[in-house]
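Architecture at a glance
One letter stands for each residue in the lines below.
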Amino acid sequence: EAQVTQNPRYLITVTGKKLTVTCSQNMNHEYMSWYRQDPGLGLRQIYYSMNVEVTDKGDVPEGYKVSRKEKRNFPLILESPSPNQTSLYFCASSLETGYNEQFFGPGTRLTVL
Amino acid sequence: DQQVKQNSPSLSVQEGRISILNCDYTNSMFDYFLWYKKYPAEGPTFLISISSIKDKNEDGRFTVFLNKSAKHLSLHIVPSQPGDSAVYFCAASGDPNTDKLIFGTGTRLQVFP
C-alpha cells in the first residue's frame, strides 16, 4: 500500500530533550515536506526537500533540523525542544515539484512540557 | 499575515443538500489552488485542485470555482453525505519549483441526516 508513515504518533517530552520524528514514504517520491498544524493557523511548512541531500527552509524552520540521506526518509529533528513546539506535525511527499498532489502522513502529536 | 483565509470555522448542512466552503487569498502570485479533507487522527487527503487558467473544475460531487478578480475560491459538494463530515483546508501555491503550499485555517463541515 502506497503510504507515508510517521513515528511516533504521539510523544510527550520535556524541554531540552532532543528528539527525532521519523517520516518514510514507499512511493519513490522525490519531494518531501514537514508541516505543523496549530489552532487558528492552519498548516505551516517547516522544511522541504526536493531530492536526496537537497533541503530548504519553509515558513517556520526555527528550532528544527532535517536531513535527506535517502530518498524514502525525511526525519525531523528537534535538538532542544521548547513548549512552543507543542503541535501536530505532518510529513508529506509528492512525486516531484510542479504542482503534484502531496500525500500526507497520519500526523505526530508532540507535547513539550 | 494570513495569505489564505477561511473565514467560516464551521458549517452544518443537511444530508442531500449542497455544502459551500469558501476561501479567500491575498497573494496575486498564487496560481494553483487545492482542497484537502482531513478526518480526525488522520493526515489531510487531497480532494480537488484548480489552476489559475481555469475558473471551474469538477470531480464527481465536488466542484471548485475560482474567481481570480475577487481572489476567491469555493468548494461545492452536491449532494452532501454524512461521510463528508470532516475539516476542509484550502491551500494555494505560487511556485512550481518548490511546491510550497500555503494553507488556510480550515472549515469543519458537519453533514447531518
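Computed from a prediction, not measured in an experiment: that's the story for all the values here.

Overview of the interface of chain A and chain B
Contacts between the two partners involve 25 residues from chain A and, on the opposite side, 24 residues from chain B. Summed over both sides, the interface between chain A and chain B buries roughly 1,900 Å², with carbon and sulfur atoms accounting for 55% of that surface. A salt bridge links A:Asp59 to B:Lys100; the nearest nitrogen and oxygen atoms lie 2.3 Å apart. Across the contact surface, chain A and chain B share three residue pairs in polar contact (both at pLDDT 80 or more). Secondary-structure elements contributing two or more residues to the side of chain A that touches chain B are strand 4 (31–38), strand 5 (42–51) and strand 9 (87–94) of chain A. Ranked by the residues each element gives to the side of chain A that touches chain B, the list is headed by strand 5 of chain A, at five residues. Residue classes in the side of chain A that touches chain B are distributed as eleven nonpolar, ten polar and four charged.

Brief notes about the environment of A:Pro39
All names here are of chain A. Along the polypeptide, Pro39 turns up in the loop between strand 4 and strand 5. Residue classification places Pro39 among the exposed residues on the basis of a relative accessible area of 81%. Considering only alpha carbons, one finds Pro39 and Leu19, 20 residues apart in sequence, at a separation of 23 Å.

Things to note about the sheet that holds strand 3 (residues 19–25) of chain A
Residues and elements named next belong to chain A. Spatial strand order, 1-3-8-7: four strands in an open sheet with antiparallel pairing. With one partner strand each, in any of the chains shown, strand 1 (4–7) and strand 7 (65–66) form the two edges of the open sheet. When strand 1 meets strand 3, the two strands line up antiparallel, connected through four bridges. Bridging across to strand 3, Asn7 finds its partner in Thr22.

So, the sheet that holds strand 7 (residues 62–67) of chain B
Residues and elements named next belong to chain B. Sheet architecture is open: five strands sit in the order 1-3-8-7-6, paired in antiparallel fashion. Unpaired on one side and paired on the other, strand 1 (4–5) and strand 6 (56–59) mark the two borders of the sheet. Pairing geometry for strand 3 (residues 19–25) and strand 8 (residues 72–77), over six bridges, is antiparallel. Residue pairing for strand 8: Ser19 is matched across the bridge by Ile77.

Points about the pairing of strand 9 of chain A
All names here are of chain A. With eight of eight residues buried, strand 9 is to be regarded as a mostly interior element. Here strand 9 shows two buried faces, one formed by Ser87, Tyr89, Cys91 and Ser93 and the other by Leu88, Phe90, Ala92 and Ser94. Relative to strand 9, strand 4 is paired through seven bridges, and the arrangement is antiparallel. Within strand 9, the position partnered with Trp34 by the bridge is Cys91. In this structure, strand 9 lies alongside strand 11 (residues 108–112), joined through three bridges in antiparallel fashion. From the neighbouring strand, Leu88 faces strand 11, where its bridge partner is Arg109. Here strand 9 runs beside strand 10 (residues 103–104); their pairing, made up of two bridges, is antiparallel. If you follow Ser93 over to strand 10, its bridge partner there is Phe103.

Quick word on the pairing of strand 8 of chain B
Residue and element names in this part refer to chain B. Across the six residues that make up strand 8, a large majority, five, are buried. Bridge count between strand 7 and strand 8: six bridges; the pairing is antiparallel. The residue of strand 8 that forms the bridge with Asn67 is His72. Counting the residues between successive antiparallel strands, the hairpin from strand 7 to strand 8 contains four residues, one of them, Lys71, with a positive phi of roughly 55°.

With respect to the side chain of A:Arg36
Residues and elements named next belong to chain A. Tracing the backbone shows Arg36 in strand 4. For Arg36, a relative accessible area of 9% translates into the label buried. A distance of 2.8 Å separates the side chain of Arg36 from the side chain of Tyr64, its partner in a polar contact. Residue contacts for Arg36: discarding those within four places in its chain leaves Gly42, Leu43, Arg44, Ile46, Val60, Tyr64, Asn84, Gln85, Thr86, Ser87, Leu88 and Tyr89.

Quick notes on the rules
- Residue numbers here run from 1 along each chain, matching the order of that chain's written sequence.
- Lettering of chains starts at A and numbering of ligands starts at 1, both following the order in which they are written.
- The model is predicted, so local features are restricted to residues of pLDDT at least 70 and side-chain atom pairs to those at 80 or more, both for listing and for counting; the totals for chains, interfaces and linings are taken over all residues.
- As a rule here, side-chain values cover all heavy atoms of the structure and leave hydrogens and water aside.
- Whether two residues touch is decided by their heavy atoms; if any such pair falls within 4.5 Å, the residues are in contact.
- Once two parts are put together, the accessible area they lose, assessed with a 1.4 Å probe and summed over both, is termed the buried area.
- The term salt bridge refers to a pairing of a side-chain nitrogen on Lys or Arg with a carboxyl oxygen on Asp or Glu at a separation within 4 Å.
- Here a polar contact means two N or O atoms within 3.5 Å. Within protein one must be a hydrogen donor candidate and the other an acceptor candidate, and residues neighboring in sequence count only if both atoms are side-chain atoms.
- Note on conventions: DSSP H or I runs of at least 4 residues are helices, E runs of at least 2 residues are strands, and numbering of each starts at the N terminus.
- When residues are grouped by polarity, Ala, Val, Leu, Ile, Met, Phe, Trp, Tyr, Cys and Pro land in nonpolar, Asp, Glu, Lys and Arg in charged, and all others, Gly among them, in polar.
- Burial classification: accessible surface area is computed with a 1.4 Å probe over protein chains only, and a residue below 20% of its type maximum counts as buried, one above 50% as exposed, and the rest as partly exposed.
- In this scheme, strands are said to pair when DSSP sees at least two bridges between them.

The values reported here are purely geometric and, on their own, carry no functional implication.
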